[in-house]
Amino acid sequence: MHRAITNPSRLPARRGFFATVKVLRRGLSDDVDEGNKHSDIQNSDDLSLPFRRIQSENDRILESLPVTFADISRAHVQIKGGVRRTPCEKAQFLSELLGANIYLKTELQQFTGSFKERGALNSILSLQREFGKEKMRETGVIAASAGNHALALSHHGKQLDVPVTVVMPLVAPLAKIDKCRKLGANVIIHGQHIGESKLHAEELMSSRGLRYINGYGLDCGAVIYSDIADIESSLFYYRYDDPPIIAGAGTIGVEIVEDVPEVEVVVVPVGGAGLIAGVSCAIKTLKPDVKVYGVEPEFAASYNMALEAGRPVHTEVQTTLADGLAVPMVGAHAFEVARHYVDECVTCTEKEVSLAILRLIENEKLVCEGGGVAGLAALLPGGQLDRPELKGKNIVIPLCGGDIDTTI
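Residues numbered from 1 in each chain as written. Predicted model: local features only at pLDDT ≥ 70, side-chain atom pairs only at ≥ 80, totals over all residues. Heavy atoms only, no water.

Q: So, the pattern of salt bridges: which residues are in play, and what are the values?
A: When charged atoms on two side chains of opposite charge get close, those side chains can pair. For the structure shown, the criterion picks out 16 salt bridges. Here Glu255 and Lys105 are joined by a salt bridge, their closest N and O atoms 2.5 Å apart. Here the residue Glu255 occupies a position in helix α14 (residues 243–259), and Lys105 occupies one in strand β3 (residues 101–106), the gap between them amounting to 150 residues. Among the residues examined, Glu255 registers a relative accessible area of 5% and is labelled buried. Residue classification places Lys105 among the buried positions, given a relative accessible area of 0%. Linking Asp161 and Arg137 is a salt bridge whose minimum nitrogen-to-oxygen distance equals 2.7 Å. In this pair, Asp161 is assigned in the loop between α9 (148–160) and β5 (164–168) and Arg137 in helix α8 (residues 133–139), connecting sequence segments 24 residues apart. Of the residues examined, Asp161 reaches a relative accessible area of 45% and is grouped as partly exposed. (Salt bridge = Lys/Arg side-chain N within 4 Å of Asp/Glu carboxyl O. Helix = DSSP H or I, 4+ residues; strand = E, 2+ residues; numbered from the N terminus. Buried < 20%, exposed > 50% of the residue type's maximum accessible area, 1.4 Å probe, protein only.)

Q: I'd like to hear about the pairing of β3, residue by residue, with values.
A: Where burial is concerned, most of β3 is hidden: 5 out of the 6 residues are buried. The pairing of strand β2 (residues 88–90) with β3 spans 3 bridges and is classified as antiparallel. Each bridged residue has a counterpart across the sheet, and for Lys90 the counterpart in β3 is Tyr103. (Pairing = 2+ DSSP bridges.)

Q: Lay out the packing of aromatic side chains in plain terms, naming residues and giving numbers.
A: All told, the structure shown has 1 aromatic pair when counted by the stated rule. Measuring from centroid to centroid gives 5.8 Å for Tyr303 and Phe335, while their planes differ by 65°, and the two rings are edge-to-face. Here Phe335 lies in helix α17 (residues 332–341) and Tyr303 lies in helix α16 (residues 302–309), a separation of 32 residues in the sequence. Looking at Arg211, its charged tip hangs above the ring of Phe131, at a distance of 3.9 Å from the centre. (Phe/Tyr/Trp six-rings, centres within 6.5 Å; stacked < 30°, edge-to-face > 60°. Lys NZ or Arg CZ within 6 Å of the ring centre and 35° of its normal.)

Spelled out as structure tokens, the structure:
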């Protein structure tokens with residue numbers, strides 16, 4: 001198990017900061033002695049504390065990250081009405097089983113069945129704002145995906161009249177390929193795996209002038225960088241780790257705080273790390289004391305490997321029930337954000353994933369895919385988050401997708 005490099009729970013809540021400023025201003029206005037006012041500010045630790053906070057090193061670091069809470073707030077407004085505000089309700093039977101107050105954020109109830117819609121819509125709208133609606137209608141967008149991201153782009157591209165091309169590997173489920181075509185996308189089947197699909201999408205992007213939108217990690221095995229400087233100097237890095245995708249995913253965190261204000265713990269599945277980057281940024285900004293845990297399959301622990309190396313590194317991935325999280329390399333933008341906010345990332349076993357799917361069906365009558373249920377898997381008896389300190393806590397688990405492969 002690995003802990004995040006920085007502990008953001010120690011950072012001041014922004015709401016608290018502005019409240020303190022108001023008190024400070026009110027106190028100053030009541031003091032008629034200009035000299036005394038200056039003296040009070042200099043000598044009072046309480047009054048000078050907000051100014052020290054706003055100029056702290058942590059504040060400067062967080063404001064310089066690839067995605068900030070301001071980006072998530074803009075996304076929250078931008079996609080409102082375009083995606084479903086999914087329920088976040090208490091699961092009574094699971095709460096009794098786990099000995100905690102369990103709330104499920106059912107992102108599997110989005111139109112295409114996953115949280116990916118948030119980032120996809122935010123990305124298309126951001127491109128329209130940058131280049132104009134007519135330009136995007138002429139050029140369109142492209143992505144490589146084996147399922148959920150392709151579905152999300154196909155749906156919102158159709159809604160916004162933006163042409164969508166998706167390159168899908170030979171192993172992509174036929175049901176998802178068919179759905180993308182029904183939604184009007186230009187589907188190209190190419191590559192034995194997602195890495196080969198992405199390389200082909202890169203070629204098409206260059207030759208056809210398409211805009212690339214990606215909801216995965218950095219490159220899913222297509223390219224291995226020797227050091228972080230190689231990543232930062234490459235446009236390939238940006239296209240495979242879009243900040244608008246991360247910001248869109250972060251809107252889940254905003255809704256969690258609004259719907260469950262008493263939240264104490266949030267447990268998020270980790271694949272390319274875009275989801276946990278956005279959610280943790282939103283949660284920790286609004287409620288710094290909330291603990292945010294990540295969960296990734298033991299057969300695809302690319303985020304934990306990145307923590308060990310201090311940067312995204314290529315990780316050997318084995319076949320897993322949590323196939324949506326099987327990303328060989330986390331996104332560099334996503335990793336840079338997540339490592340400043342996430343408290344800890346643990347892994348779950350194949351048995352725990354299968355049991356979590358079963359427990360959801362038995363107790364909540366919900367069908368969730370393996371990757372989407374990873375958060376619950378780690379909390380089950382015997383899981384790495386089955387801990388005494390979490391018993392009795394108010395825990396929110398995003399159920400990220402319901403596009404389960406019925407052939408498994």
